[in-house]
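Commentary on secondary and tertiary structure
Listed here are the chains, written in short residue letters.
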Amino acid sequence: MNFNEEQIERYSRHIILKDVGVEGQEKMMAGKVLIIGTGGLGAPAALYLAAAGVGVIGLVDADNVELSNLQRQVIHFTPDVNKPKVISAKEKIEAINPDVKVVTYHTKVFSENITGIIKDYDFVIDGTDNFAAKFLINDACVFAAKPFSHGAILRFSGQTITYVPGSTCYRCIFLTPPPTDAVPNCSQAGILGAVAGMLGTIQATEALKFLIKKGELLQNRLLTFDALDMKFREVAVTRNPRCPICGENPSIKKLIDEAQPVCSLKNKNKKT
Amino acid sequence: MKIKVNGKDQVIDAASLTVTELLKTVKVESPEMVSVQLNGEFLSKEHFANKYVKDADEVDFLYFMAGGIEELPVSEWRK
Ligand SMILES: [Zn+2]
């Protein structure tokens, strides 16, 4: 790959990094990253991957931008309200960096469509906000031997782990979704917008490290933090022999759609 | 017994406790929303009631976290 003058200038702060250099930048520009969910986590991740010049960024989201998203989903702006999130995000990515090719999937992920969507990408970022999607993304990535970053946030805390084929998967830790009536109800939920940014940028960093093949990925260790006291903790996690998908006797042999616990206060028909 | 809970030393006023009892003792708010790792091994939920935590054990509570940012209808919280 030959950089033009503009690219050399645009990526100069990457290129002068010993662990990136011209080769690393080329790898980023040849990389394909899929972001599932263009919300609190996906928004900051997409912005940094776009700025880094990742060659292809895929965006999956079925929702439209709502006013209450703007407190944390920093890729969407006030005039974008009611616009499909994938379109709003695509416009910003292209404005940041015309080198990036954006592919949009205006849909949710299901057991039937996810394998086809992740197939063409090098790395997947889970930026979804529900257990059904999180377990599905894990399963699809384990089956397809596709590296991915799990990320989740709640109130002031976050957790993230990176999966690469052979490492501890999300189900090794959590096995199955929690009982539907146990999920915190809406009055307990909420998120400090900047906390979403902290986690989304960790996920983007993992994607970039994976592309340039430098450093240590966050594999076999779950990183959790509580931003209220700003403490980070790393928990060593090992493959679980009883993991339903990557264990010794896996019970999951094909993709399944887990039931999605719904918030009791949530009016499911709210979206118009 | 002296155990490590989430990486921190903790002295518990009992010789041993089941995982269920420990969850209560250390005041885990919603025990259904944690995955428990005992000495590096993940426990199935069915074993919380009959698996014992003893002196020098290391226990990690890993919280189920999805997003918690499901949109709350404005009409609900403005009341
Ligand atoms: Zn597993």
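Residues numbered from 1 in each chain as written. Chains lettered and ligands numbered in written order. Predicted model: local features only at pLDDT ≥ 70, side-chain atom pairs only at ≥ 80, totals over all residues. Heavy atoms only, no water.

**Here's the deal with the pattern of salt bridges**
According to the stated counting rule, one finds 14 salt bridges over all chains in the structure shown. Between Asp19(A) and Lys18(A) there is a salt bridge; the shortest N-O distance is 3.8 Å. The closest approach of N and O atoms between Asp60(B) and Arg233(A), which form a salt bridge, is 2.9 Å. Of this pair, Asp60(B) sits in strand S7 (residues 58-63) while Arg233(A) sits in strand S8 (residues 231-236), placing the two residues on different chains. Look at Asp60(B) and you get buried, because its relative accessible area is 13%. The exposure class assigned to Arg233(A) is partly exposed, which follows from its relative accessible area of 23%. Sharing partners across several salt bridges, the network here consists of Asp80(A), Lys83(A), Glu91(A) and Lys92(A). (Salt bridge = Lys/Arg side-chain N within 4 Å of Asp/Glu carboxyl O. Helix = DSSP H or I, 4+ residues; strand = E, 2+ residues; numbered from the N terminus. Buried < 20%, exposed > 50% of the residue type's maximum accessible area, 1.4 Å probe, protein only.)

**Quick notes on helix H4 (residues 42-52) of chain A**
Along an α-helix, a turn takes 3.6 residues, which lines up residues three or four apart on a common side. Residues and elements named next belong to chain A. Of all eleven residues in H4, eight are buried, a share of seventy percent or more. Turning to H4, its buried residues are Gly42, Ala43, Pro44, Ala45, Ala46, Leu49, Ala50 and Ala52. Downstream of H4 by a residue or two, Gly53 has a phi angle that is positive, lying close to 85°.

**Focus: the sheet that holds strand S4 (residues 123-126) of chain A**
Residues and elements named next belong to chain A. Taken in spatial order, the eight strands of this open sheet run S3-S2-S1-S4-S5-S6-S7-S8, and their pairing is mixed. Only two strands of the sheet have a single neighbouring strand rather than two, namely strand S3 (101-105) and S8. Across the sheet, the mean angle separating the axes of adjacent strands is 15° when strand polarity is ignored. Two strands pair when backbone bridges link them, and strand S2 (residues 56-60) and S3 are joined in this way by five bridges, in the parallel orientation. Along S3, the bridge assignment pairs Val60 with Tyr105. Relative to strand S5 (residues 148-154), helix H9 (residues 193-212) is tilted by about 175°, and along the sheet it contacts strand S1 (32-36), S4, S5, strand S6 (157-163), strand S7 (221-226) and S8. (Pairing = 2+ DSSP bridges. Axes fitted to C-alpha atoms, helices over the stretch in contact; angles between N-to-C directions. Contact = heavy atoms within 4.5 Å.)

**Some thoughts on the packing of aromatic side chains**
Per the counting criterion, the structure on display carries eight aromatic pairs over all chains. Geometrically, the ring pair formed by Phe148(A) and Tyr163(A) is tilted, given 5.7 Å between the ring centres and 40° between the ring planes. Within this pair, whereas Phe148(A) is found in strand S5, its partner Tyr163(A) is found in strand S6, the two being separated by 15 residues in sequence. Classification of Tyr163(A) by relative accessible area gives buried; the value is 6%. Ring centres 4.7 Å apart and planes at 50° place the aromatic pair Phe174(A) and Phe64(B) in the tilted group. Placement of Phe174(A) in helix H8 (residues 170-174) and of Phe64(B) in the loop between S7 and helix H2 (74-77) is noted, with the two residues assigned to different chains. Grouping residues by exposure puts Phe174(A) and Phe64(B) together as buried. The rings of Phe131(A), Phe135(A), Tyr170(A), Phe174(A) and Phe64(B) are connected pair by pair, giving a single aromatic cluster. Seen from the ring of Phe77(A), Lys92(A) lies directly overhead, with NZ or CZ sitting 4.5 Å from the centre. It is Lys213(A) that lies over the ring of Phe210(A); its NZ or CZ is 3.9 Å from the centre. (Phe/Tyr/Trp six-rings, centres within 6.5 Å; stacked < 30°, edge-to-face > 60°. Lys NZ or Arg CZ within 6 Å of the ring centre and 35° of its normal.)

**Focus on the coordination of the zinc ion**
Residue and element names in this part refer to chain A. Looking at the zinc ion, the protein donor atoms are Cys169 (SG), Cys172 (SG), Cys243 (SG) and Cys246 (SG), and they sit 2.3 Å from it. Around the zinc ion, the four donor atoms sit at angles spanning 94 to 123°, and that spread fits a shape best called tetrahedral. Between consecutive donor residues of the zinc ion, the sequence gaps follow C-x2-C-x70-C-x2-C. Side by side, Cys243 and Cys246 carry an identical accessibility label, which is buried. (Donors = N, O, S within 2.8 Å, 3.2 Å for Na, K, Ca; no water. Tetrahedral: all angles 85-135°; square planar, octahedral: opposite > 155°, others 65-115°.)

**Some thoughts on the pairing of strand S4 (residues 34-38) of chain B**
Residues and elements named next belong to chain B. With five of five residues buried, S4 is to be regarded as a mostly interior element. Residues of S4 alternate between two faces, with Val34, Val36 and Leu38 on one and Ser35 and Gln37 on the opposite face, all of them buried. Taken together, the five bridges between S4 and S7 define a ladder with antiparallel strand orientation. Considered in S7, the bridge of Leu38 is made with Val59. Taken together, the two bridges between S4 and strand S5 (residues 41-42) define a ladder with antiparallel strand orientation.

Purely geometric numbers; function is a separate question.
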